[in-house]
Amino acid sequence: SSEFDLWDKNRIDDDKQIVSMLGLNLKQKIYVCYPNVYWDSVHFGIKGVTSNITDWLIEMIRYAKGNDDIQLVIRCHPGELKVPKFMKSKFTMLDTLCEAFDVMPANVRLIEPESNISSYSLARIADVNMVWNGTMGLEIALRGTKPVVVADSYFSNKGFTLDFMELEDLID
């Protein structure tokens, strides 16, 4: 454990509690996106379903807006703010997404970086778990679920992920 452990003793692991906190309906499909930290250079300049990670999330929100039979959860990365002060993001993915939409669709849930909701528990609840190219994809796979990878990643196309490089293929 380090001085800035992203998973503290207040971590919320209980599936029922998470479902209740997020107001999720388990009778509808739940799609979860796990973006990299906003400033992570590993996601810049690579091919993906959109030109960048932010556009992917915006397109996913637009998709959810037009498909009220699904629920979209975007779990902003804890590493944006649950770190020492000198490493904290000045501008988060949550900030970007809230600026992009005057009103967030009713079937979209944004989880702030400071949230104690466990990403691993969220992945267990979800029907679809999506990553751009972050290590959460590997972590999901190691827990027995095939993640959807939407950008060129060092672990894509190895047989344990579902890989998409075109937005149209992803949302079909």
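For the structure, check the block above.
Okay, so let's go over this structure. Along each chain, residue indices are assigned from 1 in the same order as the chain's sequence is written. For a predicted model such as this one, the threshold for reporting local features is a pLDDT of at least 70, and the threshold for listing and counting side-chain atom pairs is 80 or more; totals across whole chains, interfaces and linings nevertheless cover every residue. To obtain the side-chain values, all non-hydrogen atoms of the structure were used and water was disregarded.

### Describing the packing of aromatic side chains
For any pair of aromatic rings, geometry is given as the distance between the ring centres together with the angle between the planes.
Consideration 1: Working definition: rings of Phe, Tyr and Trp (its six-membered ring) pair if their centres are within 6.5 Å, and the pair is stacked with planes under 30 degrees apart, edge-to-face with planes over 60 apart, and tilted otherwise. Tallying each qualifying case throughout the model produces 4 aromatic pairs.
Consideration 2: With 6.1 Å between their ring centres and 40 degrees between their planes, W56 and W132 make a pair best called tilted. Within this pair, whereas W56 is found in helix α2 (residues 53-65), its partner W132 is found in the loop between β4 (128-131) and α5 (136-142), the two being separated by 76 residues in sequence. Neither residue differs from the other here; W56 and W132 are each classed as buried.
Consideration 3: Within the aromatic cluster, the residues linked to one another by ring pairs are Y154, F155 and F160. Comment: elements are numbered from the N terminus, with helices defined as DSSP H or I runs of at least four residues and strands as E runs of at least two. We call a residue buried when its accessible area falls under 20% of the maximum for its residue type, exposed when it is over 50%, and partly exposed in between, using a 1.4 Å probe and counting protein chains only.

### Section: the sheet that holds strand β1 (residues 29-34)
Consideration 1: On the basis of which strands lie adjacent, the open sheet formed by 6 strands has the order β3-β2-β1-β4-β5-β6 and parallel pairing. Across the chains shown, the open sheet's two edge strands, defined by having one partner strand only, are β3 (108-111) and β6 (162-163). A pair of strands counts as paired when DSSP detects no fewer than two bridges linking them.

### A closer look at the pairing of β1
Along any regular strand the residues' side chains alternate between the sheet's two faces.
Consideration 1: In terms of residue burial, β1 counts as a mostly covered element, since 5 of its 6 residues are buried.
Consideration 2: Sheet analysis places β1 next to strand β2 (residues 70-75), joined by 5 bridges and oriented parallel. Residue pairing in the sheet places C33 in a bridge with I74 of β2.
Consideration 3: Pairing between β1 and β4: 4 bridges, direction parallel. Counted as the bridge partner of C33 is M130 from β4.

### Notes on the nonpolar core
Consideration 1: The biggest cluster of nonpolar side chains holds 27 residues, and the ones touching the most others in it are C33, W56, M60, L72, I74, M130 and L170.
Consideration 2: Mapped onto this core, the elements with two or more residues apiece are β1, α2, β2, α3 (93-100) and α6 (167-171).
Consideration 3: Note on definitions: a residue-residue contact is assigned when non-hydrogen atoms from the two residues lie within 4.5 Å. Sequence-distant contacts of L72, defined by excluding residues within four places in its chain, comprise Y31, C33, M60, I61, A64, N107, V108 and R109.
Consideration 4: With 21 residues, the next largest nonpolar core counts I12, Y120, V131 and M136 among its residues. What makes a nonpolar core is a set of buried Ala, Val, Leu, Ile, Met, Phe, Trp, Tyr and Cys residues whose side-chain atoms join them at distances within 4.5 Å.

### Describing α2
Consideration 1: Under the convention used throughout, the expected extent of a helix is 1.5 Å for every residue step, that is, one less than its residue count. Taking 1.5 Å per residue, 13 residues should reach 18 Å; α2 reaches 19 Å between its end C-alpha atoms and fits that length.
Consideration 2: As for α2, its buried residues are in contact with β1, β2, α3, β3, β4 and α6.
Consideration 3: Think of a polar contact as two N or O atoms within 3.5 Å of one another; within protein, one of them needs to be a possible hydrogen donor and the other a possible acceptor, and neighboring residues in sequence only count if both atoms come from side chains. Two or three places before T54, at the opening of α2, N52 has a side-chain oxygen 3.1 Å from that residue's backbone nitrogen.

### Considerations on the pattern of salt bridges
Consideration 1: Put simply, a salt bridge is a Lys or Arg side-chain nitrogen that is within 4 Å of an Asp or Glu carboxyl oxygen. Summed over the entire model, instances satisfying the criterion amount to 4 salt bridges.
Consideration 2: The salt bridge involving R124 is made with D15; its shortest N-O contact spans 2.7 Å. Of this pair, R124 sits in helix α4 (residues 119-125) while D15 sits in helix α1 (residues 15-22); the two residues are 109 residues apart in sequence, bridging distant segments of the chain.
Consideration 3: Since its relative accessible area comes to 27%, D15 is described here as partly exposed.
Consideration 4: Close ionic contact of E166 with K47 constitutes a salt bridge, the shortest N to O distance being 3.6 Å. Linking E166 in the loop between β6 and α6 with K47 in the loop between β1 and α2, this pair joins segments that are 119 residues apart in sequence.
Consideration 5: We classify E166 as partly exposed; its relative accessible area is 38%.
Consideration 6: Residue class for K47 comes out partly exposed when judged on its relative accessible area of 47%.

### Notes on α1
Along an α-helix, a turn takes 3.6 residues, which lines up residues three or four apart on a common side.
Consideration 1: Regarding α1, the residues found buried are I18, V19 and L22. Viewed along the axis of α1, the buried residues span an arc of 100 degrees, placing them on a single side of the element. Opposite the packed face of α1, turned more than 90 degrees from it, sit the exposed residues K16 and S20.
Consideration 2: On its buried side, α1 packs onto β2, β3 and α4.
Consideration 3: In this structure D14 caps α1, since a side-chain oxygen of it lies 3.3 Å from the backbone nitrogen of K16. Each C-beta atom gives one direction from the helix axis, and the arc is the one those directions make.

Limitation: the analysis is restricted to geometry and does not speak to function.
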